[in-house]
Amino acid sequence: MTENGRSLARDARRALREGPEGIARRQRARLAEAVAYARAHSPYYRELYRALPDEIDDPARLPVTDKKALMARFDEWVTDPDVTLAKAREFVADPALVGERFQGRYLVATTSGTSGLRGIFLQDERSVAVGNAVGQRARAGLGVGALVRLMRGAGRTAIVSAPPGHFSTVAGAARFRRDYPRLGWMMREFSIHKPLPELAAELNRYNPGSLAGFSGMLGLLAGEQEAGRLHIHPGVVIAGGEALTEENRARIAAAFHAQVRSAYAATECGFLTYGCAHNWLHVNTDWAVLEPVDADHRPVPPGQPSHTVLLSNLANRVQPILRYDLGDNVLVRPDACPCGSPLPAVQVQGRAAEMLEFPAGDGGHVRISPMAFGTLLDRVPGIAQFQVVQSAPATLRVRLKQADGADPDHVWRTVREEISRLLAEHRAEHVALERAEEPPEQSAGGKFRRVIPLAR
């Protein structure tokens, strides 16, 4: 670790010891620095902030940005004039360059484009170093038992993801192997595109000390562990990319006899949160600002779900992310978390854009959260995986993958009854249900989107 990396790690630990006041002080100072740098070096932000005061340490005084607006003005958004969208697109078009330094300086990651627009995001060396620093303090809270099992696995980390591609987890792991070739064996990706028996066999041979992946895929691997085809003993399992329900969390924990931690991050800010043993996500607010807001971007109080959330990444300079609309629906814990962390705790409810909207009989609309379907179907026995697709305004197409030994017809009847009951409770009983022949499908980034609303 470089001296700068060591100083960042020391400061990250010191921030927790100083508590909320020390964390808030760092956040204000770093926000002011980030805003000043953006308006000095980014033509886009210079124009956007031209009417603002010289010094800003309150994010509420900044205008809101989003991916569509920033990608449309990519060349003016970035602070390095050598970086252009054309060059970045040429770079990410080559899978052989995953993890390489773009322009010799930056880590590049792309979003899968499930929201309709693919983003290209750069991290400078400082941002990567901050991510490593806050990651260390997250690992420090795992406890002795988990750390012992991590050591038994020789520190090997298995990342079940969707290579190839410049996706964040894949690019980060590839960057680590390029920077530390002698330690490359410590971090390895495993493709979710492989059949489960092959994937289980590869994981058995690797024998990881920690396991990370999308929540839905980890649930499938828990089934393989229960069946005896997978027999690994990770000290910790990190579930991210998709909402981790209590049912899936309990199953994963029981199958692997491991601590299960949620993860909530974004390609725009990979170090955003870390999960605790109480299934809350703690926001690293010494290096990021996360503002839960309503549809008009007004603050939402703790204990109430937001319409969306605004992110400010206080570490990255090459591509400033300031008051950026992530589109996620979150709830901030109104009291202190039992784990003792002084960092604010959140739970992710879903994405505002993923709410399912159906026409109502009175001419209005009925809206149902995707989480309602997820928590409902997680309790149905015999389902290995499901996907609910709104194929028309008043039609839901249900894709199912049955668990081993389950009767497909019985599973479908149960699913149809449960969804029909949910729809009736929301006065959307006129919605038609279709049994799909095709299995659940993955996005380009490897996620199994369990509920897919009608594009609108």
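Residues numbered from 1 in each chain as written. Predicted model: local features only at pLDDT ≥ 70, side-chain atom pairs only at ≥ 80, totals over all residues. Heavy atoms only, no water.

You'll find the protein chain entered in an unreviewed UniProt entry as Phenylacetate-coenzyme A ligase PaaK-like adenylate-forming protein, with Streptosporangium sandarakinum given as the organism.

Draft legend 1. View of the sheet that holds strand 12 (residues 321–325). Spatially, 10-11-12 is the arrangement adopted by the 3 strands of the open sheet, whose pairing is antiparallel. The sheet terminates laterally at strand 10 (288–293) and strand 12, the two strands that pair on one side only. Adjacent strand axes in the sheet meet at a mean angle of 15 degrees when their direction is disregarded. Pairing analysis gives 3 bridges linking strand 11 (residues 308–313) to strand 12, with the strands arranged antiparallel. Paired with L310 across the bridge in strand 12 is D325. (Pairing = 2+ DSSP bridges. Helix = DSSP H or I, 4+ residues; strand = E, 2+ residues; numbered from the N terminus. Axes fitted to C-alpha atoms, helices over the stretch in contact; angles between N-to-C directions.)

Draft legend 2. Structural context of the packing of helix 9 (residues 196–206) against helix 10 (residues 215–227). Viewed as axis vectors pointing N to C, helix 9 and helix 10 meet at an angle of 80 degrees, and their least axial separation amounts to 11 Å. With respect to each other, helix 9 and helix 10 are oriented roughly perpendicular. For the pair helix 9 and helix 10, contact is made by L196, L199, A200 and L203 and by M217, L220, L221 and E224, respectively. Class assignment for the residues of the contact of helix 9 with helix 10 results in 7 nonpolar, no polar and 1 charged. (Parallel < 35°, antiparallel > 145°, perpendicular 65-115°, else oblique. Contact = heavy atoms within 4.5 Å. Nonpolar A, V, L, I, M, F, W, Y, C, P; charged D, E, K, R; others polar.)

Draft legend 3. Summary view of the pairing of strand 15 (residues 356–359). What you see with strand 15 is a clean split: L356 and F358 sit on the buried side and E357 and P359 on the side with no burial. Note: strand 15 against strand 16 (residues 365–368), 4 bridges, orientation antiparallel. Note on strand 16: the bridge partner recorded for P359 is H365. (Buried < 20%, exposed > 50% of the residue type's maximum accessible area, 1.4 Å probe, protein only.)

Draft legend 4. The arrangement of the pattern of salt bridges in detail. The final tally for this structure, using the stated rule, is 31 salt bridges. E18 is the salt-bridge partner of R26, the closest N and O atoms lying 2.8 Å from each other. Classification of R26 by relative accessible area gives buried; the value is 10%. Linking R298 and D294 is a salt bridge whose minimum nitrogen-to-oxygen distance equals 2.9 Å. Accessibility expressed as a relative area gives 19% for D294, which makes it buried. (Salt bridge = Lys/Arg side-chain N within 4 Å of Asp/Glu carboxyl O.)

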